[in-house]
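In case you want the letters, here they are:
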Amino acid sequence: MKQYNFYAGPSILNDEVIKSALAAIDKKDGLSLLELSHRGPEIQNLFQETKDLVKELMQLEDRYEVLFLHGGARLQNCMIPYNICTKESANYIDTGIWAKNSIEESGIIRETKILSSSAKDNYSYIPKDFEWDGNGYLHITSNNTVHGSQFHDFSFCKKGKVVADMSSDLLSRDINFNDFGMIYAGLQKNLGTAGGTLVILDKSLLEDLPQVPSMLNYKQHVKADSMLNTPPVFAVIMCNIALKWIAKQGGLAALEAINKTKSDILYNEIDNNPLLSGFVKTEDRSLMNATFAINDLSFKNNFDTYLEEKGIVGIDGHRSKGGYRVSMYNMLPLSHVEYFVDCIQNFKG
Ligand code: PMP
């Protein structure tokens, strides 16, 4: 039976991308890219081309470095307080589980300020009332994968250096990336597979930090051009293919339009279906992850079995939250959202 994949990450990869990936790792003249030294021209070219694609799609100014590192977004949560604005303040907005993880990592090594939090309201909105004097850095999580909320206004970037965890929405919409001091994302949602992390960093943030171990030190990674150790080659191959696919769709503005259409269709159904209620305040809803509950729990077992029979996978809410979460990353076709909505409209209880 056909499966409709709505997992939150790792997540859907379309057939075209999978096909290109198989071709990319296939043996040519007896050798696969995965067997080659990262010091050789093939892998060096792969990294350079992938960085150039990132810069081009994001229209990044020359002051940014682009890195591909190991360790996922969580390692970035830990590296940031060691490296960024070390003589100034570390400021955070608490919008969910991943933001909280960043705050905790920072709290281990330096004084960490939480400027605002929506924790008391189950992270059902994005705080907008916070004051930041522009000192140090401000860390935000642009899309809250677990809760289904998303920042839609970045006007605070004008005040100072903003560091954004964009793990679940990078390259899904057209924003001015040059407004940020640093952006990072695990690659497993919109940009291919797990195993690699994309880090984009304004060079002016790089400090000489001899007391910070080299693998945790951005300046060392920049100096080694992402090759301080053996880099995550397969994840970068996948990212390269995903970026080319994004370019082929017409770039970020075109993708954003499709992503908006997908989420509008789903939220419209959530708002109009008496069986369902959305978790997040309308204006802060995520284009990537829609979260909702079933109003009458006596229908839950039948609802779950019915959707399973329809081939729908990956819609359970995060283990900390319950309910449902439908993830609509770049590679999820509009037709899959339409199919899902059609299924829930035809659910007879
Ligand atoms: N930040 C966000 C917003 C996430 O969604 C995730 C993973 N779901 C993480 C951080 C952690 O990412 P990783 O597993 O790559 O460390």
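Attention in this report is confined to the structure presented alongside it. (Residues numbered from 1 in each chain as written. Predicted model: local features only at pLDDT ≥ 70, side-chain atom pairs only at ≥ 80, totals over all residues. Heavy atoms only, no water.)

Considerations on the overall build of the protein chain
Turning to step 1, where the next piece is worked out: Across its full length, the protein chain carries nine helices and 14 strands.
Turning to step 2, where the next piece is worked out: Computed over the C-alpha atoms, the radius of gyration of the protein chain is 21 Å, within 12% of the 20 Å expected from 2.2 N^0.38 for a compact globule of 349 residues.
Turning to step 3, where the next piece is worked out: Reported as C-alpha extents along the three principal axes, the dimensions of the protein chain are approximately 65 × 60 × 30 Å.
Turning to step 4, where the next piece is worked out: The proportion of buried residues among the 349 residues of the protein chain is 55%.
Turning to step 5, where the next piece is worked out: Here the contacts in the protein chain between residues at least 6 apart in sequence split such that 69% fall between residues at least 24 apart.
Turning to step 6, where the next piece is worked out: A distance of 2 Å separates the average location of the 35 positive side-chain charges in the protein chain from that of its 43 negative side-chain charges. (Helix = DSSP H or I, 4+ residues; strand = E, 2+ residues; numbered from the N terminus. Rg over C-alpha atoms; globule rule 2.2 N^0.38 Å. Buried < 20%, exposed > 50% of the residue type's maximum accessible area, 1.4 Å probe, protein only. Contact = heavy atoms within 4.5 Å. Lys, Arg positive; Asp, Glu negative; His and termini not counted. Charge placed at Lys NZ, Arg CZ, Asp CG, Glu CD.)

Remarks on the site of the ligand
Turning to step 1, where the next piece is worked out: Contacts to the ligand come from Gly72, Ala73, Arg74, Trp98, Thr141, Asn143, Thr145, Asp165, Ser167, Ser168, Gln188 and Lys189.
Turning to step 2, where the next piece is worked out: The separation between an oxygen atom of the ligand and a polar main-chain atom of Arg74 is 2.9 Å.
Turning to step 3, where the next piece is worked out: Between the ligand and Asp165 there is a distance of 2.6 Å, counted from a nitrogen atom to a side-chain nitrogen or oxygen.
Turning to step 4, where the next piece is worked out: Coverage of the ligand by the protein amounts to 85% of the 390 Å² it exposes when considered alone. (Near = heavy atom within 4 Å. Polar contact = N/O pair within 3.5 Å; in protein donor to acceptor, adjacent residues only side chain to side chain. Areas by Shrake-Rupley, 256 points an atom, 1.4 Å probe, with all protein chains shown as cover.)

So, the side chain of Thr141
Turning to step 1, where the next piece is worked out: Along the chain, the position of Thr141 falls in strand β5 (residues 137-141).
Turning to step 2, where the next piece is worked out: Classification of Thr141 by relative accessible area gives buried; the value is 2%.
Turning to step 3, where the next piece is worked out: If we skip the residues at most four places from it in the chain, Thr141 touches Thr95, Trp98, Ala99, Phe151 and Asp165.

Describing the environment of Asp169
Turning to step 1, where the next piece is worked out: Mapped onto the secondary structure, Asp169 falls in the loop between β8 (161-165) and β9 (182-186).
Turning to step 2, where the next piece is worked out: For Asp169, a relative accessible area of 2% corresponds to the buried category.
Turning to step 3, where the next piece is worked out: Along the backbone, Asp169 and Asn144 are 25 residues apart, and their C-alpha atoms lie at a distance of 9.0 Å.
Turning to step 4, where the next piece is worked out: Those residues in contact with Asp169, other than ones at most four positions away along the chain, are Ser142, Asn143, Gln150, Asn190 and Met288.
Turning to step 5, where the next piece is worked out: A polar contact is formed between the side chain of Asp169 and the side chain of Arg173, at a distance of 2.9 Å.

Topic: helix α7 (residues 252-272)
Turning to step 1, where the next piece is worked out: An ideal rise of 1.5 Å per residue puts 30 Å on 21 residues; α7 measures up with 30 Å between its terminal C-alpha atoms.
Turning to step 2, where the next piece is worked out: Looking at α7, one finds that the buried residues are Leu252, Leu255, Glu256, Asn259, Lys262, Ser263, Leu266, Tyr267, Glu269 and Ile270. End-on, the buried residues of α7 take up no more than an arc of 160 degrees, which puts them together on one face. Seen from the buried face of α7, the exposed residues on the opposite side, beyond 90 degrees, are Asp264 and Asn272.
Turning to step 3, where the next piece is worked out: Contacts from the buried residues of α7 go to α2 (41-58), α6 (233-248), β11 (276-278), β12 (289-294), β14 (324-327) and α9 (334-345). (Expected span 1.5 Å × (residues − 1). Arc of directions from axis to C-beta.)

Brief notes about the nonpolar core
Turning to step 1, where the next piece is worked out: Counting residues in each nonpolar core, the largest one holds 79 residues, and the members touching the most others are Ile140, Leu170, Phe180 and Phe340.
Turning to step 2, where the next piece is worked out: Sort the elements by how many residues they give to this core and α6 lands first, with eleven residues.
Turning to step 3, where the next piece is worked out: Ignoring anything within four residues of it in the chain, the contact list for Phe340 reads Phe6, Leu266, Phe292, Leu307, Ile312, Ile315 and Val326.
Turning to step 4, where the next piece is worked out: Core analysis: the second largest hydrophobic core is formed by 23 residues, Ala90, Tyr137, Tyr184 and Leu216 among them. (Core = buried A, V, L, I, M, F, W, Y, C linked by side-chain atoms within 4.5 Å.)

Brief notes about the sheet that holds strand β4 (residues 112-117)
Turning to step 1, where the next piece is worked out: If you trace the seven strands from one edge of the open sheet to the other, you get β2-β10-β9-β8-β5-β3-β4, paired in mixed fashion. Edge positions in the sheet fall to β2 (64-69) and β4, since each has one partner strand and no second. Geometrically, the sheet is characterised by an average inter-axis angle of 20 degrees between neighbouring strands, direction not taken into account.
Turning to step 2, where the next piece is worked out: Examined bridge by bridge, strand β3 (residues 90-94) and β4 share five bridges and lie parallel to one another. Of the residues in β4, the one forming a bridge with Tyr92 is Ile114.
Turning to step 3, where the next piece is worked out: Each of β2, β9 and β10 (197-202) is contacted by α2, which is oriented at about 130 degrees to β2, the strand it contacts most. (Pairing = 2+ DSSP bridges. Axes fitted to C-alpha atoms, helices over the stretch in contact; angles between N-to-C directions.)

A look at the pattern of salt bridges
Turning to step 1, where the next piece is worked out: Throughout the structure, instances matching the rule amount to 16 salt bridges.
Turning to step 2, where the next piece is worked out: In this structure, Lys244 engages Glu49 in a salt bridge whose closest nitrogen and oxygen atoms are separated by 2.9 Å. Of this pair, Lys244 sits in helix α6 while Glu49 sits in helix α2, and the two are 195 residues apart along the sequence.
Turning to step 3, where the next piece is worked out: In this structure Lys244 comes out as partly exposed when scored by relative accessible area, which is 39%. (Salt bridge = Lys/Arg side-chain N within 4 Å of Asp/Glu carboxyl O.)

What to know about α9
Turning to step 1, where the next piece is worked out: In this model α9 runs 17 Å from its N-terminal to its C-terminal C-alpha over twelve residues, within 8% of the 16 Å that 1.5 Å per residue would give.
Turning to step 2, where the next piece is worked out: For α9, every residue scored as buried is listed here: His336, Val337, Phe340, Val341, Cys343 and Ile344. Buried residues in α9, looked at end-on, bunch into an arc of 155 degrees, giving them a common side.

Quick look at the sheet that holds β14
Turning to step 1, where the next piece is worked out: Pairing in this open sheet of three strands is antiparallel, and the strands run β11-β12-β14 from one edge to the other. Two strands bound the open sheet, and with one partner strand each, they are β11 and β14. Averaged over all neighbouring strand pairs, the angle between strand axes comes to 35 degrees, with direction disregarded.
Turning to step 2, where the next piece is worked out: Packed onto the sheet, α7 meets β11, β12 and β14 and runs at close to 15 degrees relative to β12.
Turning to step 3, where the next piece is worked out: Packing against the sheet, helix α8 (residues 300-309) makes contact with β11, β12 and β14, and its axis sits at approximately 25 degrees to β14.

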